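Spelled out from the first residue to the last, the chains are:
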Amino acid sequence: MLADYTAIGAETTAATIRDAFAAATGWENQYRLIITLGKQLPVLPAKWQSEEHRLHGCESTAWLLASEQDGLWHFACDSDARIVRGLIVIVLAALNHQSGAAIRAFDMEGYLAELGLEKHLSPSRGNGLRAIVQAIYERVS
């Protein structure tokens, strides 16, 4: 069931991500934080790691599943790369278990800029991060 793979911990929210990044001074500590966050992400079953669910635009292999229930969107996402798994948690902390309206209204650009990710990520990782966000927006449109 998809719900088993959408949890990253109720305590992981956009606010707690912001606080964690503010406390992790320097890119090296923030990079470690991203890796640690990725460990929260449940591994998707092999049957869902298929071309049908694959995210394109990400250099690493990543998959996204989405379902809407009672007006809220739930996402399960995974990647074969540790850093991408952490980036997924950062995105899901802000968008998972939200209404379509709340997802579309969330200032993702401002959130990511506040975390300072774009200035430290390689261009391919930045593209992958945008691909994850874009795929979520496409599903809730």
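Each chain has its residues counted from 1, running along the sequence as written. Where totals are concerned, whole chains, interfaces and linings use all residues; where local detail is concerned, this predicted model gives features only for residues with pLDDT of at least 70, and gives and counts side-chain atom pairs only at 80 or more. Excluded from the side-chain calculations are hydrogens and water; all other atoms, namely the structure's heavy atoms, are used.

### Describing the confidence of the model for the protein chain
Within a predicted model, pLDDT stands for the predictor's per-residue confidence, ranging from 0 to 100. Averaged over the protein chain, the pLDDT score is 92; the fraction of residues at 70 or greater is 99%. Per-element mean pLDDT across the protein chain ranges from 91 in helix α6 (residues 123–140) up to 97 in helix α4 (residues 100–105). The way it works is that DSSP assigns letters per residue, a run of H or I at least four long becomes a helix, a run of E at least two long becomes a strand, and they are numbered from the N terminus.

### What about the nonpolar core?
Soluble globular proteins tend to bury their nonpolar side chains together. To form a nonpolar core, buried Ala, Val, Leu, Ile, Met, Phe, Trp, Tyr and Cys residues must be joined to one another through side-chain atoms within 4.5 Å. Partly exposed describes any residue whose relative accessible area lies between the buried limit of under 20% and the exposed limit of over 50%, with all areas from a 1.4 Å probe on protein chains only and scaled to the type maximum. In this structure, F21, I90, Y111, L117 and I136 are the most contacted members of the largest nonpolar core, which totals 42 residues. Where this core is concerned, the elements lending two or more residues are α1 (14–23), α2 (27–38), β1 (62–69), β2 (72–79), α3 (82–95), α5 (108–115) and α6. Ranked by residue count, the leading element in this core is α3, at eleven residues. Core analysis: the next-biggest nonpolar cluster, separate from the first, contains six residues, W48, W63, L65 and A76 among them.

### What about unusual backbone geometry?
Notably, D70 is not glycine yet its phi reads approximately 55 degrees, a positive angle. Checked against the element boundaries, D70 lands in the loop between β1 and β2. We note that H97 has phi near 65 degrees; this positive angle belongs to a residue other than glycine.

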